[in-house]
Structure formats: structure tokens, C-alpha cells
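# Understanding the architecture of this molecule
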Amino acid sequence: MAWTDSDILQQFRDPRTREKAFTALTQQYSKRVYWHVRRMVEDHEDANDITQNVLVKVWRKLDDFREEAGLFTWIYRIATNEALSFLEQRNRRQSVPLEPESASAAAGAYLDAEEAEDRLHHAINTLPARQKQVFLLRYYDEMPYEEMSSVLDTSVGALKASYHHAVQKIKEQLTSH
Amino acid sequence: MAPKNKDIQDELRDIFPELATWPEPEEPEVPAGYFDRLEQEVLEKTIGRKKVIPMVARWVTAAAALVLLFIGWQFLRPQPQAAPDFQSQLAELDWLDVIAMLESEDIDLSAEELLSAGLITADDALESTGIDQDIVEETIEVESAEEVQYLPHDLPELDEDAWLDLFEDDFGL
């Protein structure tokens with residue numbers, strides 16, 4: 001039985017049903033959190049560590065959640081920030097930044113799915129962190145700008161501009177020689 | 001994976017049309033059973049206990065564990081030797097031992113009784129009597145010969161008077 005966010009929050013605030021509510025939250029959202037994080041960091045083990053950290057933080061902070069945004073939007077925000085922190089640390093450790101292997105082929109021209117996805121991932125990885133984040137939320141999660149605004153605490157106009165720039169850069173990467 | 005939402009597709013088409021119809025990638029792989037383990041690990045780190053398992057599942061698990069335990073026990077326990085039945089045990093005894101036991105226990109059984117119980121063979125019975133086998137056989141032959149003498153078919157054909165005379169002579173009737 002799927003719980004509504006309202007049920008989860010209400011039962012979480014009752015000490016007698018707190019654990020049951022959090023179990024429901026974990027069952028309902030852990031998979032979505034994992035895939036969101038996995039798209040950002042790519043590696044499964046990294047995504048697993050970050051997802052677990054995110055859900056532990058949710059457990060600790062859920063009492064402070066004021067319902068200004070939807071429950072999953074709030075969880076998304078924590079997940080996004082965790083993933084971004086991880087990527088920043090990883091980028092600092094790496095002396096050589098990730099470069100696309102070859103983006104010589106015209107985008108979409110007779111690519112098989114795996115090759116196309118590889119090239120797209122390389123292109124995404126060249127984006128600045130904020131643009132990457134906006135692009136992932138919009139392109140993969142199909143998140144409306146209003147919700148994204150709540151997740152990233154950024155205005156809708158700024159998000160639209162970020163997304164536009166991100167797509168332009170990806171286009172350049174995929175069509176350049 | 002290109003977005004399926006029409007607004008997002010249209011937005012993307014304005015900037016980079018090819019990306020709006022980018023080939024669908026395969027889902028990245030995750031280890032088998034990963035999401036169950038993820039939930040389990042998160043719940044252990046947070047509420048500090050294992051995921052709540054429904055009661056029915058608990059009973060099924062407990063029953064399965066018992067069955068496995070029983071099967072394991074059947075395989076691992078020392079196999080007791082099947083107790084041979086009484087007749088088999090008796091059959092393995094040497095008849096002389098039987099006789100010796102009967103004597104020591106002061107049990108008086110005739111060779112005939114032992115023979116009828118299947119404890120000894122006819123030869124054993126004869127041997128136990130201490131009588132020489134030749135003598136026994138000779139006796140049997142003699143007795144057989146005597147019986148033959150009185151067999152009706154060897155008797156002369158006699159009328160009633162002759163029979164009466166015969167009985168009077170032999171039995172004093």
C-alpha cells in the first residue's frame with residue numbers, strides 16, 4: 001500500500017508509529033533517490049553510499065521539515081546537495097578533468113543507444129556543476145521548473161537560463177570535431 | 001533517454017532537436033537484489049532494526065527453517081544400526097551355543113522342541129543326541145523294513161474267518 005506524504009509525516013511525528021512511517025518512506029523513495037544520484041555520479045558504489053547518507057539525513061532531519069515543499073522535493077534537495085558535494089570532492093582529487101572521448105559524429109546520426117548515451121554522458125560531465133544539475137533534473141527526471149526552484153533554491157528564470165546554456169554546450173560537444 | 005513530457009521535448013527541440021529524440025539507453029545495471037539490501041541497510045542505520053517482515057512471511061520462513069533443520073539432522077545424525085529381528089538373531093547362533101546356554105540356564109528343551117522352533121536342523125538334533133549317525137540310519141532302515149512287512153498290500157488275501165483266526169492266534173482273542 002502506497003503511503004501519501006501526508007500519512008508518512010503524520011505517523012512519523014507520533015513516536016509509536018515513527019519507525020513504521022520511516023520504513024514506508026524508505027520503501028517508497030529509496031529507489032528514486034538512488035537513480036537520481038546514480039545519474040549524477042554514474043558509479044554504482046558511489047551512488048549507493050550517497051543514497052544511504054541521504055536517507056540517514058532524512059531520518060535525522062525529518063522532524064525539522066516544515067512542509068514548505070513536497071516531501072520528495074525536500075528529499076531530492078538533500079540528495080542533489082550530497083551528490084554535488086561528492087562530485088566537487090572527486091573533481092578536486094582528480095588532477096585531469098574528464099574529457100569527452102570523441103564527439104565528432106553528428107548528434108543522433110546513426111548512433112546505437114549505448115554509444116549515444118556514452119557520448120551524452122561525456123558531454124554532461126563537461127558542464128559546470130549547477131548546469132549539470134539543472135540539466136539532469138530537467139532531462140532525466142522531467143522536473144517542472146517550479147519544483148526545481150524549490151529543490152535548488154533558485155529562481156525559475158535562472159533555472160531556465162541554466163538549462164538553455166547546458167543544452168547549448170552539450171550540442172557543441174556532440175557536434176564538434 | 002529523451003524526455004517524454006511534451007513541454008520539455010518542445011523546449012529541447014528549440015535548442016537542440018536531435019537531443020529530443022536521442023536513442024533510448026539501456027538502464028544501468030545494479031546488482032541483483034540491490035534495492036532490498038539498500039532498504040535493509042538504511043533501516044538498520046536509522047531505526048536500528050531490520051525491516052519489518054510480515055507475519056505470514058515469518059511463519060513461512062520459520063517453517064522452511066524447520067524443514068531444513070530436520071533434513072539436515074536426518075543426514076548428519078549417526079545412523080543407528082537397524083535392529084535385526086529375533087529370528088535372524090537366532091539363526092546366526094551356533095546350535096551348540098544354544099545348547100550350552102540352555103544347559104547353563106538349566107532349561108530343559110528337547111531336541112524336538114529346538115527343531116520345531118527352527119533353532120537347529122535335523123542333523124544338529126541327531127548330533128546332539130550323541131548317537132552315531134550310522135546307527136540311526138540303520139535303525140530307520142530296520143524299522144522301515146518291519147513296517148513294510150505289515151503293509152496291507154503285502155498281506156495275503158484273506159476272508160473274514162481267516163482274519164478272525166489270525167487275530168485269535170496273534171492276540172489271543
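This one's a predicted model, so the numbers in the text were calculated from it and none came from an experiment. (Residues numbered from 1 in each chain as written. Chains lettered and ligands numbered in written order. Predicted model: local features only at pLDDT ≥ 70, side-chain atom pairs only at ≥ 80, totals over all residues.)

## Things to note about the overall build of chain A
- Looking only at helices and strands, one finds eight helices and zero strands in chain A.
- Helices and strands in chain A line up, N terminus first, as α-α-α-α-α-α-α-α.
- When the 177 residues of chain A are sorted by exposure, 36% land in the buried category.
- Taking contacts inside chain A between residues at least 6 apart in sequence as the whole, the part at least 24 apart equals 61%. (Helix = DSSP H or I, 4+ residues; strand = E, 2+ residues; numbered from the N terminus. Buried ≥ 20, exposed ≤ 12 C-beta atoms within 10 Å, placed from the backbone. Contact = placed C-beta atoms within 7 Å.)

## Re the overall build of chain B
- Along chain B, the regular secondary structure elements total 10 helices and zero strands.
- Sequence-distant contacts in chain B: of pairs separated by 6 or more residues, those separated by 24 or more amount to 16%.

## A look at the confidence of the model for chain A
Residue and element names in this part refer to chain A.
- Here chain A averages 85 in pLDDT, while 88% of its residues score no lower than 70.
- When pLDDT is averaged over each element of chain A, helix H3 (residues 44-61) comes out on top at 95 and helix H5 (residues 113-125) at the bottom at 81.
- Here residues 96-110 scores under 50 on pLDDT; set against residues more than four positions off or in separate chains, the count is 23 contacts. (pLDDT = per-residue confidence, 0-100.)

## Regarding the interface of chain A and chain B
- Taken together, the 34 residues of chain A in the interface contact 29 residues of chain B.
- Elements supplying a minimum of two residues to the side of chain A that touches chain B: helix H2 (18-41), H3, H5, helix H6 (129-139) and helix H8 (156-175) of chain A.
- In terms of residue count, the dominant contributor to the side of chain A that touches chain B is H2 of chain A (nine residues).
- Looking at the side of chain A that touches chain B residue by residue, the class counts come to 14 nonpolar, 11 polar and nine charged. (Nonpolar A, V, L, I, M, F, W, Y, C, P; charged D, E, K, R; others polar.)

## Some remarks on the nonpolar core
All names here are of chain A.
- If you look at the biggest cluster of nonpolar residues, it comprises 51 residues, and the most contacted ones within it are Val-33, Val-37, Ile-75 and Met-148.
- No other element matches H2, which puts 10 residues into this core.
- Counting residues domain by domain, this core receives three or more from each of domain 1 (1-92) and domain 2 (103-177).
- When neighbours within four sequence positions are excluded, Val-37 is seen to be in contact with Ala-47, Ile-50, Thr-51, Ala-79 and Ala-83. (Core = buried A, V, L, I, M, F, W, Y, C linked by C-beta atoms within 7 Å. Domains from an automatic or database assignment.)

## A closer look at the environment of Glu-42 of chain A
- Along the chain, the position of Glu-42 of chain A falls in the loop between H2 and H3.
- Counting along the chain gives 79 residues from Glu-42 of chain A to His-121 of chain A, while the straight-line C-alpha distance between them is 9.0 Å.

## Some words on the packing of H6 of chain A against H8 of chain A
All names here are of chain A.
- Contact geometry of H6 with H8 gives a least axis separation of 8 Å together with a crossing angle of 95°. Here H6 lies roughly perpendicular to H8, going by the angle between them. Two secondary-structure elements touch here, H6 through Arg-130, Gln-131, Lys-132, Val-134, Phe-135 and Arg-138 and H8 through Leu-159, Ser-162, Tyr-163, His-165 and Ala-166.
- Classifying every residue of the contact of H6 with H8 gives five nonpolar, three polar and three charged. (Axes fitted to C-alpha atoms, helices over the stretch in contact; angles between N-to-C directions. Parallel < 35°, antiparallel > 145°, perpendicular 65-115°, else oblique.)

## Details of the packing of H2 of chain A against H3 of chain A
All names here are of chain A.
- Their axes nearest at 8 Å, the elements H2 and H3 cross at an angle of 140°. On the basis of their axis angle, the class for H2 and H3 is oblique. For the pair H2 and H3, the sense of crossing is right-handed. Between H2 and H3, the contacting residues are Phe-22, Thr-26, Ser-30, Val-33, Tyr-34, Val-37, Arg-38 and Val-41 on the first element and His-44, Asp-46, Ala-47, Ile-50, Thr-51, Val-54, Leu-55 and Trp-59 on the second.
- Looking at side-chain class alone, the contact of H2 with H3 contains 10 nonpolar, four polar and two charged residues. (Left-handed = near helix turned anticlockwise from the far one by under 90°.)

## Topic: unusual backbone geometry
Residue and element names in this part refer to chain A.
- Here Glu-42, not a glycine, exhibits a phi torsion of approximately 75°, which is positive.
- Its 15 C-beta neighbours within 10 Å are what place Glu-42 among the partly exposed residues.
- Even without glycine at this site, Asp-153 takes up a positive phi of about 55°.
- The topology assignment puts Asp-153 in the loop between helix H7 (145-152) and H8.

## Quick notes on the environment of Arg-32 of chain A
- Mapped onto the fold, Arg-32 of chain A is located in helix H2.
- Judged by C-beta crowding, with 15 C-beta atoms within 10 Å, Arg-32 of chain A ranks as partly exposed.

## A word on H7 of chain A
Residue and element names in this part refer to chain A.
- Three or more residues of H7 are buried, namely Tyr-145, Met-148, Val-151 and Leu-152. Each buried residue of H7 lies within a common arc of 115° when the element is viewed along its axis, so the set occupies one face.
- If you follow the buried residues of H7, they end up packed against helix H4 (71-93), H6 and H8. (Arc of directions from axis to C-beta.)

## A short note on H8 of chain A
All names here are of chain A.
- Over its 20 residues, H8 runs 29 Å from end to end, which matches the ideal 28 Å to within 8%, given 1.5 Å per residue.
- Of the positions making up H8, those classed as buried are Leu-159, Ser-162, Tyr-163, Ala-166, Val-167, Ile-170, Gln-173 and Leu-174. For H8, the buried positions fall inside an angular range of 130° around the axis, keeping them on one side. (Expected span 1.5 Å × (residues − 1).)

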